[in-house]
Amino acid sequence: MSLSSVTTLAITRDETHPAAELEFDNHRATWGRALVSVIPTEILAVYTASLGVAAGLATGEDPRAYLPFRFAWYAAWLVATPLIASLLYLRKAEQVRRDKVKADPGVTLLRAPWWTGLLRLETVAATVAAAAWFTAMPGSPWQAALSGGAFMLTSMSATTVGVLVVGVIAPLLTSPTSGLPRSAGDLAAPQADPQPDTDPSDPGDDDRPAVTA
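Residues numbered from 1 in each chain as written. Predicted model: local features only at pLDDT ≥ 70, side-chain atom pairs only at ≥ 80, totals over all residues. Heavy atoms only, no water.

Chemist: What should I look at first to understand the pattern of salt bridges in this one?
Modeler: Oppositely charged side chains can form a pair if their charged atoms are brought close together. Within the structure shown, the criterion is met by 6 salt bridges. A salt bridge links Arg 120 to Asp 14; its shortest N-O distance comes to 2.7 Å. Linking Arg 120 in the loop between helix H4 (67-103) and helix H5 (121-136) with Asp 14 in helix H1 (residues 3-15), this pair joins segments that are 106 residues apart in sequence. Across the pair Glu 15 and Lys 100 runs a salt bridge, and its minimum N-O distance is 2.9 Å. One end of the pair, Glu 15, is in helix H1; the other, Lys 100, is in helix H4, with 85 residues separating them in the sequence. Residue classification places Glu 15 among the partly exposed positions, given a relative accessible area of 30%. Taking relative accessible area as the criterion, Lys 100 reaches 26% and is therefore assigned partly exposed. When salt bridges with common partners are traced through the structure, they connect Arg 13, Asp 14, Arg 120 and Glu 122 into a single cluster. (Salt bridge = Lys/Arg side-chain N within 4 Å of Asp/Glu carboxyl O. Helix = DSSP H or I, 4+ residues; strand = E, 2+ residues; numbered from the N terminus. Buried < 20%, exposed > 50% of the residue type's maximum accessible area, 1.4 Å probe, protein only.)

Below, the structure is given as structure tokens:
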């Protein structure tokens, strides 16, 4: 799938009532669908292609010649993955908010805070999946920095941890977001509590004389 798919899943979870069954892409949301959706294919494709270019430039030379670039590129995409996922989520959440305001002009809805997308389970799962791929793939900076055996252990460890973490998160993505407010569209502006009538001209029930038979 892609970051677009996983952020769409996040919005779908937000907009589905907690008591309803979650549907994603016109099908019931299952563990397998959620697991596939969190793999950021666009990020992996760009990272893999760029490392391939770097490896081609280093052909015939010391493999460590481009090691600083590889580690810098590795770190840059580790940071970029959650940021891109967060921005996509916020953009879609804002569209949901605008649609609700347009449908009901009398309602006031707040925008989601900028950090909301970073805390989403979907963002965490996509970042972990990307980190595991960046570490374990051929051409990884760790492959050039470590010996063959050490890189194999590092690759296996990264893959195992990535599968376990994403595997634990994926089932949580098959149900609507619990609790309210569930999304940016449900973040209604707080309303002032009604104030009691304090008009001094009104004596109130307690000050009125009792009526006797």
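Let's pick the thread back up.
Chemist: Please clarify how the packing of H5 against helix H7 (residues 148-169) should be interpreted in this entry.
Modeler: Two numbers describe a pair of packed helices, the interaxial angle and the distance between the axes. In the contact formed by H5 and H7, the axes pass within 8 Å of each other and the chain directions differ by 165 degrees. In terms of their interaxial angle, H5 and H7 are classed as roughly antiparallel. Where H5 crosses over H7, the handedness of that crossing is left-handed. Here Leu 121, Val 124, Ala 125, Val 128, Ala 129, Ala 132, Thr 135 and Ala 136 of H5 come into contact with H7, specifically with Phe 151, Thr 154, Ser 155, Ala 158, Thr 159, Gly 162, Val 165, Val 166 and Ile 169. Among the residues forming the contact of H5 with H7, the class breakdown is 12 nonpolar, 5 polar and no charged. (Axes fitted to C-alpha atoms, helices over the stretch in contact; angles between N-to-C directions. Parallel < 35°, antiparallel > 145°, perpendicular 65-115°, else oblique. Left-handed = near helix turned anticlockwise from the far one by under 90°. Contact = heavy atoms within 4.5 Å. Nonpolar A, V, L, I, M, F, W, Y, C, P; charged D, E, K, R; others polar.)

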